[in-house]
Amino acid sequence: MDILNQFGINPILLAAQVVNFLILLFILKKFLYGPILKLLNERKKRIEDSLKNAEEIERKLLLTEEEKEKILAKTALEAQKLMDETKKEIEIMKEEGKAQAEQLASQIIKKGEETARAEMERSRQELMSHMAEIVGLGIERVTGKAFRGKGQKEVIEKEVKNLS
Amino acid sequence: MEHGIVLKPEVLGYFKNLPITNTLLVSWVAMIILTITSILATLKLKAVPSKLQNFWEMIIEFAYQTVEDLAGSKRAKVFFPIVMTFFLFIITANWMGLLPGFGTITFNHKPLLRSINSDLNMTLSLALISATLTHIFAIKYLGFANYLKRWFSLTLFPVFIFVGFLEIISEITKIVSLSFRLFGNIFAGEVVLSTVSSIFAFVIPLPFYFLEIIVGFVQAAVFMMLTLVFMVILSEKHSSEH
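A few points on the structure.

Considerations on the overall build of chain B
Here is step 1: The helix and strand inventory of chain B stands at six helices and four strands.
Here is step 2: Its helices and strands in sequence order give chain B the pattern β-β-α-α-β-β-α-α-α-α, from N to C terminus.
Here is step 3: Referenced to the eigenvectors of the C-alpha coordinate spread, the extents of chain B come out at roughly 65 × 50 × 40 Å.
Here is step 4: Every one of the 242 residues in chain B was classed for burial, and the buried ones make up 45%.
Here is step 5: Surface exposure of chain B reaches about 12900 Å², of which carbon and sulfur atoms provide 74%.
Here is step 6: Once the 16 positive and 13 negative side-chain charges of chain B are each reduced to a mean point, those two points are 8 Å apart.

See below:
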């Protein structure tokens, strides 16, 4: 093969270069591709995990937000209910108070009336006894006789009663 | 111009039967550079990457994504180290060849350093590795019987026999095209650079250097992608028998 000779092809050189290449292949595989590809894969996995985590967190946040809204709505509803109830109770209490007050007032009035009536009775009695005395004195003056003793007062009082 | 451009790499000396050529020497240097940078980068791997680790991570992540898109995640694990090593070795070799000192420093009146891929030995060996591994993977993923079916059709219809024959030739062509594409591009680049530099050594070679930087990257990428595509195609179930 003249052409191969012209280009300086030498089987030993070819073999040497093949060996060189295989050595280089081995070295690079061991020290370059292996570690770096492993690192790249690990990094990829880590990023994927982080993204997944972020998604999870976002989902949870959304859920929490919803829960919060729900709880708030529920609380507002309960508060409204409580307020309504309180209002109703106050209304009832007002009514009751009014009724009680009215009752109390009427009681007081009645009592007052009674007291007044008793007072009147007492004053009348007193007046009567006074009158009897006065009448007795008058009779004494007119008749000049003492109209005394037990029977005297009774008679006068009877008379006065008849008068009235 | 005295230092003529020769196709053969210069032999600097012999180690027993092994001729130490300047390209072989440079390929050892390239290997050492790659080894040191990768060990430095991964010695203390951190979750938050620092400069060198970040640099490698960026490259490897992008390349792995590309391989995965083409080959699927299962085969990508196997294919990736091989095609990536092709890429890294070739691009390091190409860009190293642009450094000052290449071709100018001499040892026993021979250039001590020479761009690796301007030696057909180097590119041909890379192409041979690429082709061999491609076929090994094809057998691994398809099984030996299915692998043979691709080349030797069981139907006696002559067209299929002829197609199988063509496929075999195309496999040989792949090796030739892979090796000569890389060799041709880099060797031509070397020739252009040394010619331009010998005309006027200041400023004028700059655009050519810039061009060579791009060519160095493109050739590495092309070699990597072609190897990857060949591997993917050959290790895929043949769809003509549906």
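Still to come is the rest of the account.
Side note on the packing of helix 2 (residues 11-143) of chain A against helix 3 (residues 120-142) of chain B
Here is step 1: Two elements in contact, helix 2 of chain A and helix 3 of chain B, have axes separated by 9 Å at closest approach and are oriented at 60°. The angle between helix 2 of chain A and helix 3 of chain B falls in the class oblique. Judged by the twist between their axes, the crossing of helix 2 of chain A over helix 3 of chain B is right-handed. Contact with helix 2 of chain A, carried on its side by L13(A), L14(A), Q17(A), V18(A) and F21(A), involves N121(B), M122(B), L124(B), S125(B), L126(B), L128(B) and I129(B) of helix 3 of chain B and no other residues of that element.

A word on the packing of aromatic side chains
Residues and elements named next belong to chain B.
Here is step 1: Evaluated as defined, the whole model comprises twelve aromatic pairs over all chains.
Here is step 2: Their ring planes at 20° and their centres at 5.3 Å tell us that F183 and F187 sit as a pair that is stacked. Of the two residues, F183 and F187 both sit in helix 5 (residues 158-199), four residues apart, roughly one turn of that helix. A single burial state applies to F183 and to F187, both of which are buried.

A few points about a nonpolar patch on the surface
Residues and elements named next belong to chain B.
Here is step 1: Together, V192, I199, F200, F202, V203, I204, L206, F208 and L211 make up a nonpolar patch on the protein surface, roughly 920 Å² of accessible area in all.
Here is step 2: Among the secondary structure elements, those contributing two or more residues to the nonpolar patch are helix 5 and helix 6 (205-234).
Here is step 3: When residues in the nonpolar patch are grouped by element, the largest group, three residues, is from helix 6.
Here is step 4: Mapped onto the secondary structure, V203 falls in the loop between helix 5 and helix 6.
Here is step 5: Judged by relative accessible area, which is 64%, V203 ranks as exposed.

Considering the pattern of salt bridges
Residues and elements named next belong to chain A.
Here is step 1: Applying the stated criterion across every chain, the model contains eight salt bridges over all chains.
Here is step 2: Between R122 and E119 there is a salt bridge; the shortest N-O distance is 2.9 Å. Here E119 and R122 lie together in helix 2, a separation of three residues that amounts to about one turn.
Here is step 3: Residue class for E119 comes out partly exposed when judged on its relative accessible area of 41%.
Here is step 4: Three or more residues are tied together by salt bridges with common partners; here these are E119, R122 and E126.

Some remarks on helix 2 (residues 51-96) of chain B
Here is step 1: With 46 residues, helix 2 of chain B extends just 21 Å between its outermost C-alpha atoms, more than 12% less than the 68 Å of an ideal straight helix rising 1.5 Å per residue.
Here is step 2: At G72(B), helix 2 of chain B shows its maximal bend, which comes to roughly 120°.

Here's the deal with the interface of chain A and chain B
Here is step 1: Each partner contributes residues to the interface: chain A has 30 residues there, and chain B has 44 residues.
Here is step 2: Taking both partners together, chain A and chain B bury about 3500 Å²; carbon and sulfur atoms supply 79% of that area.
Here is step 3: When the buried area of chain A at its contact with chain B is split by residue, F7(A), Q17(A) and F21(A) rank highest and sum to 20% of it.
Here is step 4: One can count one salt bridge joining chain A with chain B.
Here is step 5: The salt bridge involving R43(A) is made with E57(B); its shortest N-O contact spans 2.8 Å.
Here is step 6: Inspection of the chain A/chain B interface yields seven residue pairs in polar contact (both at pLDDT 80 or more).
Here is step 7: Elements with a contribution of two residues or more to the side of chain A that touches chain B: helix 1 (2-6) and helix 2 of chain A.

Some details on the nonpolar core
Here is step 1: With 68 residues, the main nonpolar core has Y33(A), F80(B) and L88(B) as its most contacted residues.
Here is step 2: At 20 residues, the largest contribution of residues to this core is made by helix 2 of chain B.
Here is step 3: In contact with Y33(A), other than residues within four places in its own chain, are L28(A), K38(A), I60(B), F80(B), P81(B), M84(B), T85(B) and L88(B).

Describing the environment of L148(B)
Here is step 1: One can find L148(B) in helix 4 (residues 144-151).
Here is step 2: A sequence separation of 112 residues divides L148(B) from I36(B), and the C-alpha atoms of the two residues are 42 Å apart.

Rules behind the numbers
- Residues numbered from 1 in each chain as written.
- Chains lettered and ligands numbered in written order.
- Predicted model: local features only at pLDDT ≥ 70, side-chain atom pairs only at ≥ 80, totals over all residues.
- Heavy atoms only, no water.
- Helix = DSSP H or I, 4+ residues; strand = E, 2+ residues; numbered from the N terminus.
- Buried < 20%, exposed > 50% of the residue type's maximum accessible area, 1.4 Å probe, protein only.
- Areas by Shrake-Rupley, 256 points an atom, 1.4 Å probe, with all protein chains shown as cover.
- Lys, Arg positive; Asp, Glu negative; His and termini not counted.
- Charge placed at Lys NZ, Arg CZ, Asp CG, Glu CD.
- Axes fitted to C-alpha atoms, helices over the stretch in contact; angles between N-to-C directions.
- Parallel < 35°, antiparallel > 145°, perpendicular 65-115°, else oblique.
- Left-handed = near helix turned anticlockwise from the far one by under 90°.
- Contact = heavy atoms within 4.5 Å.
- Phe/Tyr/Trp six-rings, centres within 6.5 Å; stacked < 30°, edge-to-face > 60°.
- Patch = residues over 30% accessible without salt bridge, like charges linked within 9 Å, V, L, I, M, F, W, Y side chains within 5 Å.
- Salt bridge = Lys/Arg side-chain N within 4 Å of Asp/Glu carboxyl O.
- Expected span 1.5 Å × (residues − 1).
- Bend = angle between axes of the 7 residues up to and from the residue.
- Buried area = accessible area lost by both parts, 1.4 Å probe.
- Polar contact = N/O pair within 3.5 Å; in protein donor to acceptor, adjacent residues only side chain to side chain.
- Core = buried A, V, L, I, M, F, W, Y, C linked by side-chain atoms within 4.5 Å.

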